[in-house]
Amino acid sequence: MRDKAVAVSSWLAALLLAGNLALILLVFPDEQEQGPIFRIIFFHVPMAWTAFVAFFAALIASILYLASKNLRYDAFAAAVTEVGLAFGAANLLTGMIWGRVIWGAFWVWDPRLTSMLVGWLLYAGYVMLRRAIEEPTERARMSAVVSIFAFADVPIIFFSIQWWRTHHPQPVVWGSSGGHMSPEYWFMLFFNWIPILLVGYLLLELRMRQERLSRELDALRREAHAL
Amino acid sequence: MAVPALRGAPVRTPARRPRLSFVRQVLTVASKDLRSELRTKEALNSSLAFALVILLLFSFAFEPTEAQTREISGGLLWLVFAFAGALILNRSFARELANDCLDALIAAPMSGAALFLGKALANFALLLAVELVCLPVFGVFYNVHWTGRLPSLLVVIVLGTWGVTVVGTIFSALTVNLRLRELMLPMLVYPILIPCLLAAVQLTSPLVMGQPLTPELMIWLRLLVVFDVIFTALAVALVETVMVR
Amino acid sequence: MKAIEAAGVWKYYGDFPALRDISVSVEPGACLALLGRNGAGKTTLLKIVAGLSRAARGRVAIHGAEPRAQAARREIGVLGHAISLYDELSALENLRLFGRIYGLEDPERAASEWLERTGLERVRDGLVREFSRGMRQRLAVARAFLHDPSVLLLDEPFTALDDRAIALLQALLRQAVEQGRTVVISTHQLREALELATHVALLVRGRLAYAGERTAEMLEDTGWLYRHYGEPQSAPPPGARG
């Protein structure tokens, strides 16, 4: 059942990505103010959304783990956080490319990108913490707590950086035309989110499988030591 | 060796024991931590030394004018406070590891919240002490008059320090058993503290420059309060989860 | 009401069950010797009863209360592997601290009494850091008994104790049992534990292999229990033929 879902998702994602890429590159006109580079928005923005959804899912899974002590929730939380980090990194990268082309600088302290950077550091800490704890139950418990703290901080980070940047105005990467896009652009933004989510799902599956295997290995090792 | 008999009273049933109130529990833990620390002064000395060294290093590295210094005073001071704080916070739960004292505290009839708040209070007092020493040193070595708006400045320092302390203490509990504790604690805590430190910095610089708190700046103050409230509540709620295996 | 009751207790480290379906109860006034090899789960079980750890499944009750309930924790005295005392505080300060935490009406007096009982009266103001090993152990015993607990949990108490400390502990435990307190001793030191014990429980790889009264037979032949209920001895390592 799971393998079937993975297979279907892979094909669907590949098709949609290929199709959308064709549309984006060939059919969509160059944007008036920003030129051809504006097309990057169709990846840059949905990746941010995906990262946010992933971190939120990690929060829910962490809470569910603490409530039920079922390690499957922990595996999910770990995997989905890493997926979030992957898409967050991609978001940062595309943002930096965009900034370089438009403003000539890789990093301009744009509020959204800066918030994503801080969030990325938060969750990178989560991953590092997991690496530092060997025993699976303790690892699950501690990382669940960190995940809760991290997500509680996310809105505060976003707000504080937003407020900080309104007082030190800097070029905002897609702010000027972002609010005034034509409907086709909005449609493609959401439509391209679908294959990106599917890729996220595939990465999630991969990572969860890994996590399950490592737990089985750990249990076998403990069993062997007890003999 | 002759052993005098244990008090011959019949074994008491559980219900009849006197209890230590929550506030007393908090104060007992806080005073224990402070007494321990003041006797060894390990964390205090290293934290203070580190803070002063960084303060002086900045001066050598950037040679700011007096005006420049006042503009960046917030950033400078809070960086120093954050780094110095890490040394104190690290010690907080680590001091319980020797001889397995932490187990005795967890097994004792004391709520996790009381243990946590007691330690947070002690850390707060220690960090505040370090900061209050750093301020006049800063004033002297950078030749800056910083007492223009002293009451407001102290409020900001108290709120910011509590934010750093509360997050640092709960993560001190979380990382206490890790091999790489000294590395993991700052790595986890600093990103979380960014909003708190940002707000503190934005408030401190104008106050050091002698300016009043405008309505715009008051938003930062509110942010600081919100941060402190949310993370204190979260820490108190999750402390038992962190401490009981 | 039972002093200690465990029903269907499981504890996992990841997917590995350290404790499997442990159900045992201890009457008030009993002295239970908890036996088992290294890794059998003795410390894990004691930690759950002491409220230091939570069972993954199952229920534990101390005089009817949850181990984490403050009412239960007040009744429990724990002596673990380490002394659980602060090196930088004096003997008196340590005992006074724990006396206060445990809600004693007069922590100062209780501390003084116990310093006398354990022969540490003369060094009451000395820092624990400066104590000899034996002195530290005796102070740890004082700490465990200080608040007059009705349940005593001791994890390998006789290992690493010097003769004086062993004698002290045995005397105190004998008195405790006479006074109707409940004692659980997890140990390798079969002789000392079996002498004091009224009941015995054997853990084998996380499972309760035996739980019942301590018989005279067990006392005479300390290996009896392991032979009848324990795991078969593993084959000698290759090349070790005698």
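Residues numbered from 1 in each chain as written. Chains lettered and ligands numbered in written order. Predicted model: local features only at pLDDT ≥ 70, side-chain atom pairs only at ≥ 80, totals over all residues.

Participant: Can you walk me through the overall build of chain A in this structure?
Facilitator: When helices and strands are counted, chain A shows 7 helices and 0 strands. The secondary structure elements of chain A, listed N-terminal to C-terminal, are α-α-α-α-α-α-α. For chain A, the spread of C-alpha atoms along the principal axes amounts to about 70 × 45 × 25 Å. A buried classification covers 37% of the 227 residues belonging to chain A. Contacts in chain A between residues at least 24 apart in sequence constitute 81% of all its contacts with a sequence separation of at least 6. (Helix = DSSP H or I, 4+ residues; strand = E, 2+ residues; numbered from the N terminus. Buried ≥ 20, exposed ≤ 12 C-beta atoms within 10 Å, placed from the backbone. Contact = placed C-beta atoms within 7 Å.)

Participant: Got a minute to help me understand the overall build of chain C in this structure?
Facilitator: Across its full length, chain C carries 9 helices and 9 strands. Taken over the C-alpha trace, chain C has a radius of gyration of 19 Å; the compact-globule value for 242 residues is 18 Å, and the two agree within 12%. When its C-alpha atoms are laid out on the principal axes, chain C stretches across 55 × 45 × 35 Å. For chain C, the residues scored as buried account for 50% of the 242 residues in total. (Rg over C-alpha atoms; globule rule 2.2 N^0.38 Å.)

Participant: Is there a simple way to explain the nonpolar core in this structure?
Facilitator: Note that soluble globular proteins tend to have their nonpolar side chains buried in a common cluster. In terms of nonpolar packing, the biggest core is built from 208 residues, with B:I170, B:L193, C:L32, C:L139, C:L153 and C:V184 touching the most fellow members. Here this core gets 17 residues from one element, more than from any other, and that element is helix α7 (residues 181-208) of chain B. Discounting chain neighbours no more than four positions away, the residues touching C:L32 are C:V26, C:V183, C:V184, C:A197, C:H199 and C:A201. (Core = buried A, V, L, I, M, F, W, Y, C linked by C-beta atoms within 7 Å.)

Participant: What is the right way to look at unusual backbone geometry in this model?
Facilitator: Across residues other than glycine, the phi torsion is negative in most instances, and most of the peptide bonds are trans. Positive phi outside glycine occurs at A:K69, with the angle close to 60°. Relative to the helices and strands, A:K69 is located in the loop between α2 (41-68) and α3 (71-103). Its identity as a non-glycine residue notwithstanding, C:R205 has a phi of 50°, on the positive side. Note on placement: C:R205 falls in the loop between β8 (199-204) and β9 (207-213). Taking the C-beta count within 10 Å as the criterion, C:R205 has 19 such neighbours and is therefore assigned partly exposed.

Participant: Can you walk me through the environment of C:E88 in this structure?
Facilitator: For C:E88, the position within the fold is in the loop between β5 (76-79) and α3 (91-101). Sequence separation between C:E88 and C:A171 is 83 residues; the distance between their C-alpha atoms is 29 Å. Look past the residues within four positions of C:E88 in its chain and what remains in contact with it is B:S36, B:R39, B:T40, C:L127 and C:R129.

Participant: What's the story with the interface of chain B and chain C in this structure? I'm lost.
Facilitator: Think of interface size as the accessible area that goes away when the parts come together; that is how it is often given. Contact with chain B, which involves 32 residues of that partner, is made by 45 residues of chain C. A breakdown of the residues in the side of chain B that touches chain C according to their chemical character gives 19 nonpolar, 4 polar and 9 charged. (Nonpolar A, V, L, I, M, F, W, Y, C, P; charged D, E, K, R; others polar.)

Participant: Sorry, what's going on with the sheet that holds strand β2 (residues 16-26) of chain C here?
Facilitator: Picture the strands of a sheet paired through backbone hydrogen bonds; they go either parallel or antiparallel. Residues and elements named next belong to chain C. Strands sit in the order β2-β1-β4 across an open sheet of 3 strands; the sheet is antiparallel. Only two strands of the sheet have a single partner each, and these edge strands are β2 and β4 (57-62). Between one strand axis and the next, the sheet turns through 20° on average, direction left out of account. Pairing of strand β1 (residues 4-13) with β4, which is carried by 5 bridges, proceeds in the antiparallel orientation. Bridge pairing in β4 places A6 opposite V60. (Pairing = 2+ DSSP bridges. Axes fitted to C-alpha atoms, helices over the stretch in contact; angles between N-to-C directions.)

Participant: I'm lost on the interface of chain B and chain A in this one. Help?
Facilitator: Each side of the interface is counted separately: chain B has 22 residues, and chain A has 23 residues. Those elements giving two or more residues to the side of chain B that touches chain A turn out to be α7 and α8 (215-243) of chain B. Sort the elements by how many residues they give to the side of chain B that touches chain A and α7(B) lands first, with 9 residues. For the side of chain B that touches chain A, the residue count by class is 19 nonpolar, 1 polar and 2 charged.

Participant: Explain the confidence of the model for chain C here, please?
Facilitator: Note: predicted coordinates in regions of low pLDDT should not be interpreted at a detailed level. Residues and elements named next belong to chain C. Taken over all residues, the pLDDT of chain C has a mean of 89, while the share at 70 or more is 95%. By mean pLDDT, helix α9 (residues 224-229) is the weakest element of chain C at 80, and α3 is the strongest at 96. In the predicted complex, the global pTM is 0.91; the interface-specific ipTM is 0.91. (pLDDT = per-residue confidence, 0-100.)

Participant: It is not clear to me how the pairing of β2(C) should be interpreted in this structure. Could you clarify?
Facilitator: Consecutive residues of a regular strand have side chains that alternate between opposite faces of the sheet. Residues and elements named next belong to chain C. In this structure, β1 lies alongside β2, joined through 7 bridges in antiparallel fashion. Counted as the bridge partner of V9 is I22 from β2. Counting the residues between successive antiparallel strands, the hairpin from β1 to β2 contains 2 residues, one of them, G14, with a positive phi of roughly 70°.

Participant: Even after reading the chapter, I still don't get the sheet that holds β9(C), so can you show me in this structure?
Facilitator: Residues and elements named next belong to chain C. Pairing is mixed in the open sheet, where 6 strands are placed in the order β5-β6-β7-β3-β8-β9. This sheet does not close on itself; its edge strands, each paired only once, are β5 and β9. Put simply, the sheet's adjacent strands are angled 15° from each other on average, direction ignored. Bridge analysis of strand β3 (residues 31-36) against β8 gives 5 bridges, and the strand direction is parallel. Paired with L35 across the strands is L202, a residue of β8. Strands in contact with helix α5 (residues 133-145) are β5 and β6 (151-155); relative to β5, the strand with the most contacts, it is inclined by about 165°.

Participant: Teacher, can you tell me more about helix α1 (residues 2-27) of chain A here?
Facilitator: Note: α-helices contain 3.6 residues per turn, so residues at a spacing of three or four share the same orientation. Taking 1.5 Å per residue, 26 residues should reach 38 Å; α1(A) reaches 36 Å between its end C-alpha atoms and fits that length. Burial within α1(A) is sparse, with just 0 of its 26 residues counted as buried. (Expected span 1.5 Å × (residues − 1).)

Participant: Would you take a moment to explain the packing of helix α5 (residues 136-167) of chain A against α8(B) for this structure?
Facilitator: With their axes 11 Å apart at the nearest point, α5(A) and α8(B) run at an angle of 175° to one another. Put simply, α5(A) runs roughly antiparallel to α8(B). Taking contact as the criterion, the partners of A:R141, A:V145, A:I148, A:F149, A:A152, A:I156, A:S160 and A:W163 in α5(A) are, on α8(B), B:I219, B:L223, B:F227, B:I230, B:L234, B:L238, B:T241 and B:V242. Class assignment of the residues belonging to the contact of α5(A) with α8(B) gives a composition of 13 nonpolar, 2 polar and 1 charged. (Parallel < 35°, antiparallel > 145°, perpendicular 65-115°, else oblique.)

Participant: Before we go on, may I ask you to explain the packing of helix α2 (residues 42-62) of chain B against helix α3 (residues 66-94) of chain B in this structure?
Facilitator: The relative placement of two packed helices comes down to the angle between their axes together with the axis-to-axis distance. Residue and element names in this part refer to chain B. Remark: α2 packs on α3, axes separated minimally by 9 Å, with the N-to-C direction vectors making an angle of 160°. The orientation of α2 with respect to α3, classified from their angle, is roughly antiparallel. Between α2 and α3 lies a crossing whose hand is right-handed. Within the contact between the two elements, α2 uses E42, A43, S46, S47, F50, A51, I54, L55 and F58 and α3 uses L76, V80, F83, A84, L87, I88 and R91. Partitioned by chemical class, the residues of the contact of α2 with α3 number 12 nonpolar, 2 polar and 2 charged. (Left-handed = near helix turned anticlockwise from the far one by under 90°.)

Participant: How should I be thinking about the environment of B:L79 in this particular structure?
Facilitator: Tracing the sequence through the fold places B:L79 in helix α3. Once the C-alpha coordinates of B:L79 and B:L55 are considered, the two residues, 24 residues apart in sequence, prove to be 9.4 Å apart.

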